[in-house]
Amino acid sequence: MEVQALTRYARMSPQKMREVARTIQGRKAPEAVGLLSIIPRKSARLIAKTLASAIANAENNNNVSADELIVHRALIEQGPVLKRFKAGARGTAKPRRKGMSHIRIVLSDGNNS
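Just so you know, these numbers come straight off a predicted model, no measurement behind them.

What counts, and where the lines are drawn
Residues numbered from 1 in each chain as written. Predicted model: local features only at pLDDT ≥ 70, side-chain atom pairs only at ≥ 80, totals over all residues. Heavy atoms only, no water. Axes fitted to C-alpha atoms, helices over the stretch in contact; angles between N-to-C directions. Helix = DSSP H or I, 4+ residues; strand = E, 2+ residues; numbered from the N terminus. Parallel < 35°, antiparallel > 145°, perpendicular 65-115°, else oblique. Left-handed = near helix turned anticlockwise from the far one by under 90°. Contact = heavy atoms within 4.5 Å. Nonpolar A, V, L, I, M, F, W, Y, C, P; charged D, E, K, R; others polar. Buried < 20%, exposed > 50% of the residue type's maximum accessible area, 1.4 Å probe, protein only. Salt bridge = Lys/Arg side-chain N within 4 Å of Asp/Glu carboxyl O.

### Here we look at the packing of helix H2 (residues 29–38) against helix H3 (residues 42–62)
Part 1 of the reasoning: Viewed as axis vectors pointing N to C, H2 and H3 meet at an angle of 155°, and their least axial separation amounts to 9 Å. When the axes of H2 and H3 are compared, the pair comes out roughly antiparallel. With respect to the hand of their crossing, H2 and H3 are arranged in left-handed fashion. Taking contact as the criterion, the partners of Ala29, Ala32, Val33 and Leu36 in H2 are, on H3, Ala44, Ile47, Ala48, Leu51 and Ile55.
Part 2 of the reasoning: Class assignment for the residues of the contact of H2 with H3 results in nine nonpolar, no polar and no charged.

See the structure below:
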């Protein structure tokens with residue numbers, strides 16, 4: 001059985017988040033929570049919140065113990081981009097692209113049913 005949680009419009013670029021998401025993929029859920037707690041990055045905190053939500057969904061909605069769950073997929077999808085400008089040399093304007101991400105954590109209990 002698969003259980004998922006989704007965080008949308010996280011204010012961090014997908015490229016930065018994917019580096020952390022790759023480290024937890026395929027690990028047991030409690031091990032992934034512990035690993036995210038020691039990674040000193042903002043993306044690790046955002047992914048940890050989504051992972052905690054997915055674990056809570058599995059426990060409350062499907063009566064599955066957190067110890068049985070593994071991180072089946074940790075997907076970081078591209079969200080909308082805020083386009084801003086910052087002052088540049090000689091009175092010019094330099095564009096800034098502030099990316100957003102959608103975080104999708106899919107947990108599985110190992111059964112294919």
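### Observations concerning unusual backbone geometry
Working note: non-glycine residues mostly have negative phi, and peptide bonds are mostly trans.
Part 1 of the reasoning: The phi torsion at Asn63 lies on the positive side, around 55°, for a residue other than glycine.
Part 2 of the reasoning: Within the element layout of this structure, Asn63 appears in the loop between H3 and strand E2 (70–87).
Part 3 of the reasoning: With a relative accessible area of 70%, Asn63 lands in the exposed category.
Part 4 of the reasoning: A positive phi angle, near 60°, is found at Arg90, a position not held by glycine.
Part 5 of the reasoning: In this fold, Arg90 is placed in the loop between E2 and strand E3 (93–108).

### A word on the pattern of salt bridges
Part 1 of the reasoning: Enumeration over the complete set of coordinates arrives at four salt bridges.
Part 2 of the reasoning: With a closest N to O distance of 3.9 Å, Glu2 and Arg73 form a salt bridge. You can see Glu2 sitting in strand E1 (residues 2–10) and its partner Arg73 sitting in strand E2, a full 71 residues away along the chain.
Part 3 of the reasoning: For the salt bridge of Glu19 with Arg41, the shortest nitrogen-to-oxygen distance reads 2.9 Å. Of this pair, Glu19 sits in helix H1 (residues 14–24) while Arg41 sits in the loop between H2 and H3, and the two are 22 residues apart along the sequence.
Part 4 of the reasoning: You can call Arg41 partly exposed: its relative accessible area is 31%.

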